[in-house]
Amino acid sequence: LLRNGLTFGTFEVQKDTCNTALAISGDRVLALMEQAPPSEVEFSKQGAMRTVSSMERLGGAVPYAPINGGSLGAHGRTDSRTGDRIHVSYTSSERPFVRVDTFGEDWKLKSSVGVDVPTPVMVHDCALTENFVVILDFPLTIRPARMIADKFPVEFEPENGSRIGLVPRRSNGDTIWIDVENGVVLHAANAYEREDGTVVVHAFKSIPDGDSSYILEYTPAFLYEWVLDINAGRVVEERCLNPDVLVEFPSVEDGLVGKEAKHTWGLVTTSFGGPMTQYASPQSAVLLDAVVKFSLDDDDEAGIKAGDIAGRFDLPSGWHFVSEPTVLTKTGGDGQYILMIATYVPPADGRKNDPVALATDGYSMKSQFLVIDGDDMSKPVFIADLPYHVNYGLHSAYLDWDKMK
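Nothing here was measured: the structure is a model prediction, and the numbers come from that model.

## Some words on the pairing of strand E2 (residues 28-33)
And step 1. Counted residue by residue, E2 has five buried out of six residues, so it is predominantly covered.
And step 2. As paired elements, strand E1 (residues 21-25) and E2 share five bridges and run antiparallel to each other. The partner of Ala21 across the bridge, within E2, is Leu32.
And step 3. Between E1 and the antiparallel strand that follows it, E2, lie two residues; Gly26 among them carries a positive phi value of about 60 degrees.
And step 4. Note: E2 against strand E3 (residues 36-43), four bridges, orientation antiparallel. From the neighbouring strand, Leu30 faces E3, where its bridge partner is Glu40.
And step 5. Between E2 and E3, which pair antiparallel one after the other, the connecting turn spans two residues.

## What about unusual backbone geometry?
Most peptide bonds take the trans configuration, and most residues that are not glycine carry a negative phi.
And step 1. Geometrically, the link from Arg95 to Pro96 is a cis peptide bond, its omega value of -10 degrees lying close to zero.
And step 2. Inspection of the secondary structure puts Pro96 in the loop between strand E6 (85-90) and strand E7 (98-103).
And step 3. Of note in this structure, Asp106 is not a glycine but carries a positive phi near 65 degrees.
And step 4. Of note, the phi angle at Trp107 is positive, near 65 degrees, even though the residue is not glycine.
And step 5. Tracing the backbone through its elements, the reader meets Trp107 in the loop between E7 and strand E8 (109-115).
And step 6. Owing to a relative accessible area of 2%, Trp107 belongs among the buried residues under this scheme.

## Some details on the pattern of salt bridges
And step 1. Across all of its chains, the model carries 18 salt bridges by this definition.
And step 2. The shortest N-O distance in the salt bridge between Arg28 and Glu56 comes to 4.0 Å. Of this pair, Arg28 sits in strand E2 while Glu56 sits in the loop between strand E4 (49-53) and strand E5 (76-78); the two residues are 28 residues apart in sequence, bridging distant segments of the chain.
And step 3. By relative accessible area, which is 15% here, Glu56 ends up buried.
And step 4. Linking Arg99 and Asp101 is a salt bridge whose minimum nitrogen-to-oxygen distance equals 2.8 Å.
And step 5. Since its relative accessible area comes to 15%, Arg99 is described here as buried.
And step 6. What you see here is one network of salt bridges that share partners, running through Arg28, Glu40 and Glu56.

## Structural notes on the sheet that holds E3
And step 1. Spatially, four strands are ordered E1-E2-E3-E4 in an open sheet, and the strand pairing comes out antiparallel. On the outer flanks of this sheet lie E1 and E4, each paired with one strand and no other. Pairs of neighbouring strands in the sheet enclose a mean axial angle of 40 degrees, with direction left out of account.

## Observations regarding the sheet that holds E5
And step 1. Here four strands make up an open sheet; going across it, the order is E5-E6-E7-E8 and the pairing antiparallel. Only two strands of the sheet have a single partner each, and these edge strands are E5 and E8. The sheet shows a mean angle of 15 degrees between the axes of neighbouring strands, taken without regard to direction.

## Regarding the side chain of Ser53
And step 1. Relative to the helices and strands, Ser53 is located in strand E4.
And step 2. Of the residues examined, Ser53 reaches a relative accessible area of 19% and is grouped as buried.
And step 3. There is a polar contact of 2.7 Å between the side chain of Ser53 and the side chain of Glu56.

## Examining the packing of aromatic side chains
And step 1. Summed over the entire model, instances satisfying the criterion amount to six aromatic pairs.
And step 2. Seen in terms of ring centroids, Phe204 and Phe294 are 6.3 Å apart; in terms of plane orientation they differ by 75 degrees. Their pairing is edge-to-face. You can see Phe204 sitting in strand E16 (residues 198-206) and its partner Phe294 sitting in strand E21 (residues 286-295), a full 90 residues away along the chain. Like Phe204, the residue Phe294 is buried in the burial classification.
And step 3. On the basis of an interplanar angle of 50 degrees and a centroid distance of 5.6 Å, the ring pair of Trp319 and Tyr344 is categorised as tilted. Here Tyr344 lies in strand E25 (residues 336-344) and Trp319 lies in strand E23 (residues 319-321), a separation of 25 residues in the sequence.
And step 4. Trp319 gets classed as buried once you look at its relative accessible area, which sits at 12%.
And step 5. Among the aromatic residues, those joined into a ring-pair cluster are Phe138, Tyr224 and Trp226.
And step 6. If you follow Arg163 out to its NZ or CZ, it ends over the ring of Trp177, 3.8 Å from the centre.

The rules behind the values
Residues numbered from 1 in each chain as written. Predicted model: local features only at pLDDT ≥ 70, side-chain atom pairs only at ≥ 80, totals over all residues. Heavy atoms only, no water. Buried < 20%, exposed > 50% of the residue type's maximum accessible area, 1.4 Å probe, protein only. Helix = DSSP H or I, 4+ residues; strand = E, 2+ residues; numbered from the N terminus. Pairing = 2+ DSSP bridges. Salt bridge = Lys/Arg side-chain N within 4 Å of Asp/Glu carboxyl O. Axes fitted to C-alpha atoms, helices over the stretch in contact; angles between N-to-C directions. Polar contact = N/O pair within 3.5 Å; in protein donor to acceptor, adjacent residues only side chain to side chain. Phe/Tyr/Trp six-rings, centres within 6.5 Å; stacked < 30°, edge-to-face > 60°. Lys NZ or Arg CZ within 6 Å of the ring centre and 35° of its normal.

Printed below as a string of structure tokens:
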């Protein structure tokens with residue numbers, strides 16, 4: 001940060017990557033990175049992308065902050081009932097450390113609510129139910145003073161404890177906080193309310209064994225379920241639904257956000273750490289080579305338990321997924337298609353592991369767009385070769401044809 005300030009002559013905004021996720025409201029598309037204001041982009045029917053505006057403040061909805069310029073949560077949810085778009089953002093500069101924004105069509109701010117937490121934490125994702133916004137207050141703490149010592153500002157501090165917060169969406173009531181077992185949750189799958197008044201949350205949770213956090217040192221994540229009693233303010237049940245499959249990036253179809261879903265999809269972590277066979281593979285990160293479909297309900301008659309694998313597709317050797325599962329409801333509303341992008345990375349071939357050569361020779365690295373039937377995941381129903389290779393990205397979104405220019 002100091003070097004940037006001296007180089008560019010400013011200690012104001014220093015970050016505008018907007019490379020984490022995409023979000024759509026009405027006809028407007030935002031590229032997001034939770035520690036910078038978003039950029040608005042548009043896409044043509046010919047496949048071209050254009051930046052409409054950077055450091056977009058959405059009519060004042062994104063407040064200014066020093067160093068990063070302000071923030072809007074990287075992951076939001078669109079209410080399948082109302083069409084409202086909800087984002088949870090965080091800051092470490094002043095209280096309240098968490099902000100819940102509700103947007104109408106085309107990112108018109110309808111309400112903004114501050115939610116205080118004891119310590120600034122990285123709230124990367126959220127979930128919705130009909131009446132609550134679900135906040136994941138897990139102890140990935142943010143302390144800017146760490147940067148002075150040239151350390152990453154985010155660390156796992158289990159002594160701060162873990163909580164799930166339920167923020168009322170249609171009243172000024174207090175946030176309901178419920179203590180849960182420690183860990184890290186970066187990505188939520190979904191949440192919903194049962195008729196008995198409990199709230200069910202599904203997410204992928206990891207339990208780091210050191211303070212280097214989930215981000216600097218990879219920690220495996222697994223599918224978890226929490227059943228929360230909002231009247232008693234306690235967790236009724238917290239369980240790992242599948243301790244055998246390492247996963248990340250959960251997805252459900254948009255029409256089931258905030259409603260009970262029978263399944264969630266995720267990417268399977270097939271290798272991490274150590275030397276690998278593929279060229280220039282991440283040494284302390286992960287490779288994602290399969291997409292999996294989890295059951296979320298017990299069905300005694302069918303012999304199915306929550307957490308069971310209901311479908312799985314594995315890529316051929318050398319191929320890796322570079323987008324999360326984008327779940328699209330089939331025309332007619334019966335079943336789902338899973339949209340994915342995969343990239344092939346060749347093994348080292350004697351070119352002295354030159355990454356530029358592999359990335360620019362026009363043939364070594366290649367990418368494909370895949371459509372997988374959610375009911376039969378044995379093989380893709382459609383594959384298209386892309387004209388260029390797609391870098392490791394992971395988050396993705398589906399944009400309707402009529403929203404393209």
